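# An overview of the molecular structure
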Amino acid sequence: MKLMISDYCIVKNNSVLKNGLIMFESDKEMEGKIFFDLFYRSQINNYPKYYKMDELSKLAFITAETLLQGNSIKDGYTNEETAIVINNSSSSLETDKKYYETIRNINEFFPSPALFVYTLPNIMIGEVCIRNKIMGESILFISKEWDYNSLVSNVESLFSCAGMKCCLAGIVELSKEYYESFLCLVEGNENIHDPRILFNEENLKRIFENRKGNLNGTINR
Amino acid sequence: MGQLIDELRQEIVRSFKLEQLNWQEIDPEAPLFNEGLGLDSIDALELLVILEKKYGLKILPAEDGKQILSSVRSIAEYITKRRVEGN
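What you are looking at is a predicted structure, and each value in this text was computed from that prediction instead of being measured.

What follows deals with the nonpolar core. Counting residues in each nonpolar core, the largest one holds 38 residues, and the members touching the most others are A:Y50 and A:L168. Mapped by element, the contributors of at least two residues to this core are β1 (2-12), α1 (32-43), α2 (55-68), β4 (82-88), α6 (123-132), β6 (166-174) and β7 (179-189) of chain A. Broken down by element, the residue count for this core peaks at eight residues, all from α2(A). Ranked by size, the runner-up nonpolar core spans 25 residues in total, among them B:V13, B:L51, B:A76 and B:I79.

Pasting the structure below:
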């Protein structure tokens with residue numbers, strides 16, 4: 001069975017793109033967290049728990065929301081058939097540092113539970129799963145460099161060995177200096193003439209690094 | 001007590017990032033958990049940290065915590081009571 005990319009979303013440089021088209025952008029320079037909140041208030045604004053999330057989870061949340069907009073997973077698959085696989089480099093380091101500030105001084109030792117719960121990067125997966133009721137396999141991998149080949153291989157294993165039929169797959173990365181996210185909606189299809197993009201290393205690289213991808217009639221095998 | 005209630009309401013909005021709310025909209029009598037503001041167990045722990053950090057108080061005995069944290073007013077009453085007792 002060949003796996004196809006049905007849709008994808010990229011959030012980077014104060015812009016949100018879906019399937020290569022700009023959905024939202026800010027022409028002003030701003031910190032990631034400000035941009036995320038601006039996008040949320042403008043485009044989503046119906047999930048108050050968003051504000052409790054740390055920045056990494058907010059980035060994953062808005063990327064998944066944009067990806068799945070108008071694409072209800074429930075229509076095609078059960079909650080248990082839907083998986084999520086994310087790669088990340090910096091773990092939850094920015095939140096870890098904020099949490100550390102609440103315990104650094106022995107005379108002002110007040111560990112924050114609200115920060116502590118986000119000192120695990122896979123919590124961002126939890127936030128996306130809760131919102132979208134995803135109950136299939138969920139995995140987070142941390143690596144220094146983006147390994148598209150491993151990402152493809154891991155997702156393929158979930159489809160072939162774990163009974164998954166749909167998967168949100170990609171990269172969500174945030175550090176003090178920058179942020180970027182790239183999530184694809186991956187589905188299986190045995191029709192090799194399907195006009196959606198084949199889910200492989202070459203296409204992932206092309207889409208994410210060139211910000212280009214034509215979902216109509218472009219197949220790279 | 002009124003000033004303390006206002007202070008607590010502002011602290012709750014700030015600490016729990018209830019950005020969709022104006023602090024004045026928080027009903028001091030309304031339940032904080034399950035209904036009303038719908039705070040969760042992590043928020044309860046955060047409230048305990050706020051009580052200790054800002055007001056120097058630990059809830060004793062711990063079993064009283066559920067009742068004390070049930071509303072903004074009950075928290076304010078507890079803080080006031082402990083202040084009178086000199087704790």
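Once that is clear, we can look at the interface of chain B and chain A. Counting residues at the interface gives 13 residues for chain B, matched by eleven residues for chain A. Overall, the association of chain B and chain A removes approximately 1100 Å² of surface from exposure, summing both partners, and the carbon and sulfur fraction of that is 63%. There are one salt bridge connecting chain B and chain A. Between A:K52 and B:D43 there is a salt bridge; the shortest N-O distance is 2.5 Å. Counting across the chain B and chain A interface gives three residue pairs in polar contact (both at pLDDT 80 or more).

Turning to the pattern of salt bridges, a few remarks are in order. One pass over the structure, following the stated rule, counts 15 salt bridges over all chains. A salt bridge links A:D37 to A:K58; its shortest N-O distance comes to 3.0 Å. In this pair, A:D37 is assigned in helix α1 and A:K58 in helix α2, connecting sequence segments 21 residues apart. For the residue pair A:D37 and A:K58, the accessibility class agrees, reading buried in each case. Between B:K58 and B:E52 there is a salt bridge, with the nearest N and O atoms lying 4.0 Å from each other. Members of the salt-bridge network, linked through shared partners, are B:E11, B:R14 and B:K54.

The next subject is the packing of aromatic side chains. All names here are of chain A. Enumeration according to the criterion identifies eleven aromatic pairs over all chains in this entry. Centre to centre, the rings of F24 and F39 are 5.2 Å apart; their planes meet at 75 degrees, and the pair counts as edge-to-face. Here F24, found in strand β3 (residues 21-25), pairs with F39, found in helix α1; they are 15 residues apart in sequence, far enough to count as distant. With relative accessibility at 4%, the residue F39 sits in the buried group. Within the aromatic cluster, the residues linked to one another by ring pairs are Y40, Y47, Y50, Y51 and F61.

This part is about α1(A). Residues and elements named next belong to chain A. Counted at 1.5 Å a residue, the expected span for α1 with its twelve residues is 16 Å, and the 16 Å between its end C-alpha atoms agrees. Taken together, the buried positions of α1 are G32, F35, F36, D37, F39 and Y40. Those residues of α1 that are buried lie in contact with β1, β2 (15-18), β3, α2, β6 and β7. N45 sits one or two residues past α1 and shows a positive phi near 55 degrees.

Let us look at the confidence of the model for chain A. All names here are of chain A. Averaged over all residues, the pLDDT of chain A is 89; the fraction at 70 or higher stands at 90%. Confidence, read as mean pLDDT per element, is least for helix α3 (residues 73-76) in chain A (69) and greatest for α2 (97). Counting contacts from residues 212-221, a segment whose pLDDT is below 50, to residues more than four positions away or on other chains yields 37 contacts.

Cut-off values and rules
Here the residue numbering is sequential within each chain, running from 1 through the sequence in written order. Written order decides the labels, with chains lettered from A and ligands numbered from 1. Only residues with pLDDT of at least 70 are given local features in this predicted model, and only at 80 or more are side-chain atom pairs given and counted; all residues enter the totals for whole chains, interfaces and linings. Think of the side-chain values as coming from all heavy atoms in the structure, minus any hydrogens and water. Buried Ala, Val, Leu, Ile, Met, Phe, Trp, Tyr and Cys residues that are joined via side-chain atoms within 4.5 Å together make up what is termed a nonpolar core. Residue exposure (1.4 Å probe, protein chains only): buried if accessible area is under 20% of the type maximum, exposed if over 50%, otherwise partly exposed. A run of H or I in DSSP counts as a helix once it spans at least four residues, and a run of E counts as a strand once it spans at least two, with each numbered from the N terminus. Should any heavy atoms of two residues lie within 4.5 Å, those residues are counted as being in contact. The quantity reported as buried area is the accessible area (1.4 Å probe) lost by two parts once they are put together, taken as the sum for both. Whenever Lys or Arg places a side-chain nitrogen within 4 Å of a carboxyl oxygen from Asp or Glu, that contact is recorded as a salt bridge. Whenever two N or O atoms come within 3.5 Å, that pair is a polar contact, provided that in protein one can donate a hydrogen and the other can accept it, and provided that, for residues adjacent in sequence, both atoms are side-chain atoms. Only Phe, Tyr and Trp rings are paired, with Trp represented by its six-membered ring, and only when their centres lie within 6.5 Å; those with planes under 30 degrees apart are stacked, over 60 edge-to-face, the remainder tilted. A helix is expected to span 1.5 Å for every residue after the first. Each residue carries a pLDDT score, the predictor's own confidence in it, on a scale running from 0 to 100.

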